[in-house]
Amino acid sequence: MKRFLFALATLAALTSCKNEKQDEAATSGDSAGEVNVYTHRHYASDQQLFAQFEETTGIKVNVINASADELIQKMTIEGKQSPADVLITVDAGRLTRAKDQGLLQKVDSDILNNTVAAHLKDPGNEWFGLTKRARIIVYAPGRVDSTQLSTYEDLATEKWKDRILVRSSENIYNQSLLASLIVNNGEEAAKEWAEAMVENMARAPKGNDRDQVKAVVAGEGDLAIVNTYYIGNLLNSENPEEVKAGESVKVFFPNQEGRGTHINVSGAGVARYAPNKENAVKFIEFLVSKEAQEVFANSNYEYPVNEEVQPAPLLQSWGEFKEDRLNLSKLGENNKKAVLIFDEAGWK
Ligand SMILES: [Fe+2]
């Protein structure tokens, strides 16, 4: 109940925040209009990009920041009255959920179709990946020899007992990783994997991806499963301890001999009832442009979806890697199964 009340309070706060923004927009008298962006992303790179978009197009960007679940709930409650034009999330699973709930609409854009690879977008063109991230292994080089590492599946073998650090199963990145194992190996194998992983954990899951890296460095475990950009962010942190943590681990891309490393995207879709649909499409097209992709790549260490743009030098220094080209909409489709398997396996 407490949680529900909190959610309601958050929604009320979001709504009042929105109204203020609308009022501002209404009095600005900007002829190019506006675009209302509901986003789960909260990086400095995005502020910079939104300002660039405003400057080049004259379209005012109104931003509502909250978690994807809160934004989806807000859009559902608002229904046809929703001012949302664009929904941005940090994973494909939530975009698929928004699509399934009828909150997005199909977009016909040559720019988006030509720039975003087929496996990185919704097959029905209701959402498009903006940036890629790989879910990799980082390890303590003194305690793990890279030749011992190979696949996600191998992490469930006995040699890793009590050595693995990974965050909670409530986290969407883990749910999507398990969803990819369900699709690639089948439900039964995915369940066995999750159970064995629980046995191999160095501690009960806690903290975010950064905390897992810090725990490797502190010696609580020998390796961790994390998203690539966290390593970039640690190495470029203003906090010297975080820099040290980033420097103390090495990265390993699993499943290179087989299907490739599991990836996910941060992506965007146009809202079903978008009052400014044309601006919404322009906005998403801008975000996959070379200009915008450079910013994503170099200030948040994400892999660009636009192949004309190079990843940041740090990511290039890790070498090229083979990615699992499973259509990311499958992650959303298998999300419920993944959550159920995590529960059964006792992955907290
Ligand atoms: Fe993240």
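Residues numbered from 1 in each chain as written. Predicted model: local features only at pLDDT ≥ 70, side-chain atom pairs only at ≥ 80, totals over all residues. Heavy atoms only, no water.

1. Things to note about the nonpolar core
By size, the foremost hydrophobic cluster in this structure holds 78 residues, and its most contacted members are Val-35, Val-86 and Phe-283. Among the elements that line this core, the one with the most residues is helix H11 (residues 277-287), at six residues. Split by domain, this core shows at least three residues from each of two domains, domain 1 (33-132 + 264-310) and domain 2 (134-253 + 322-345). Ignoring sequence-local partners within four residues, the contact set of Val-86 consists of Val-35, Asn-36, Val-37, Tyr-38, Ala-268, Gly-269, Ala-271, Ala-280, Phe-283 and Ile-284. Formed by 26 residues, the second largest nonpolar core is a distinct cluster that contains Ile-137, Leu-181, Leu-223 and Phe-252. (Core = buried A, V, L, I, M, F, W, Y, C linked by side-chain atoms within 4.5 Å. Buried < 20%, exposed > 50% of the residue type's maximum accessible area, 1.4 Å probe, protein only. Helix = DSSP H or I, 4+ residues; strand = E, 2+ residues; numbered from the N terminus. Domains from an automatic or database assignment. Contact = heavy atoms within 4.5 Å.)

2. Some points on the domain arrangement of the chain
The extent of an interface is frequently quoted as the accessible surface area lost upon association of the parts. Domain parsing of the chain yields domain 1 (33-132 + 264-310) and domain 2 (134-253 + 322-345). On a C-alpha basis, the centroid separation for the pair domain 1 and domain 2 is 27 Å. Between domain 1 and domain 2 lies a buried interface of about 1,700 Å² when both sides are counted; carbon and sulfur atoms form 54% of it. It is His-119, Asn-264 and Tyr-301 that lose the most area in domain 1 upon contact with domain 2, and together they represent 37% of the buried surface on that side. Where domain 1 touches domain 2, the interface holds one salt bridge. Note that Lys-132 is salt-bridged to Glu-323, the shortest N-O span being 2.9 Å. Between the two partners, domain 1 and domain 2, sit nine residue pairs in polar contact (both at pLDDT 80 or more). Secondary structure elements with two or more residues in the side of domain 1 that touches domain 2: helix H4 (92-100), strand E9 (263-271) and helix H12 (290-300). A total of five residues in the side of domain 1 that touches domain 2 trace back to one element, the largest contributor, which is H4. A class-by-class count of the residues in the side of domain 1 that touches domain 2 yields 10 nonpolar, six polar and six charged. (Buried area = accessible area lost by both parts, 1.4 Å probe. Salt bridge = Lys/Arg side-chain N within 4 Å of Asp/Glu carboxyl O. Polar contact = N/O pair within 3.5 Å; in protein donor to acceptor, adjacent residues only side chain to side chain. Nonpolar A, V, L, I, M, F, W, Y, C, P; charged D, E, K, R; others polar.)

3. Some remarks on the pattern of salt bridges
In this structure the tally under the stated criterion is 26 salt bridges. A salt bridge links Glu-302 to Arg-41; the nearest nitrogen and oxygen atoms lie 2.9 Å apart. With a gap of 261 residues between them, Glu-302 in the loop between H12 and strand E10 (303-304) and Arg-41 in the loop between strand E1 (34-39) and helix H2 (44-57) connect regions that are remote in the sequence. For Glu-302, a relative accessible area of 0% translates into the label buried. Salt bridges linked by common partners bring Arg-41, Asp-46, Arg-133 and Glu-302 together as one network.

4. Digging into the coordination of the iron ion
Coordination sphere of the iron ion, protein contribution only: Tyr-173 (OH), Tyr-229 (OH) and Tyr-230 (OH), at 2.0 to 2.1 Å. In primary sequence terms, the donor set of the iron ion follows Y-x55-Y-Y. Within this pair, whereas Tyr-173 is found in helix H6 (residues 172-185), its partner Tyr-230 is found in helix H9 (residues 228-235), the two being separated by 57 residues in sequence. Across this residue pair, the class does not change: Tyr-173 and Tyr-230 are buried. (Donors = N, O, S within 2.8 Å, 3.2 Å for Na, K, Ca; no water.)

5. Some details on unusual backbone geometry
Even without a glycine there, the phi angle at Asp-162 is positive, about 60°. Turning to its location among the elements, Asp-162 is positioned in the loop between strand E5 (128-139) and strand E6 (164-165). Residue classification places Asp-162 among the partly exposed residues on the basis of a relative accessible area of 46%. In this model, Asn-255 sits at a positive phi of 60°, which is unusual for a non-glycine residue. Of note, Asn-255 is situated in the loop between strand E8 (250-252) and E9. Here Asn-255 falls in the buried class, since its relative accessible area comes to 4%.

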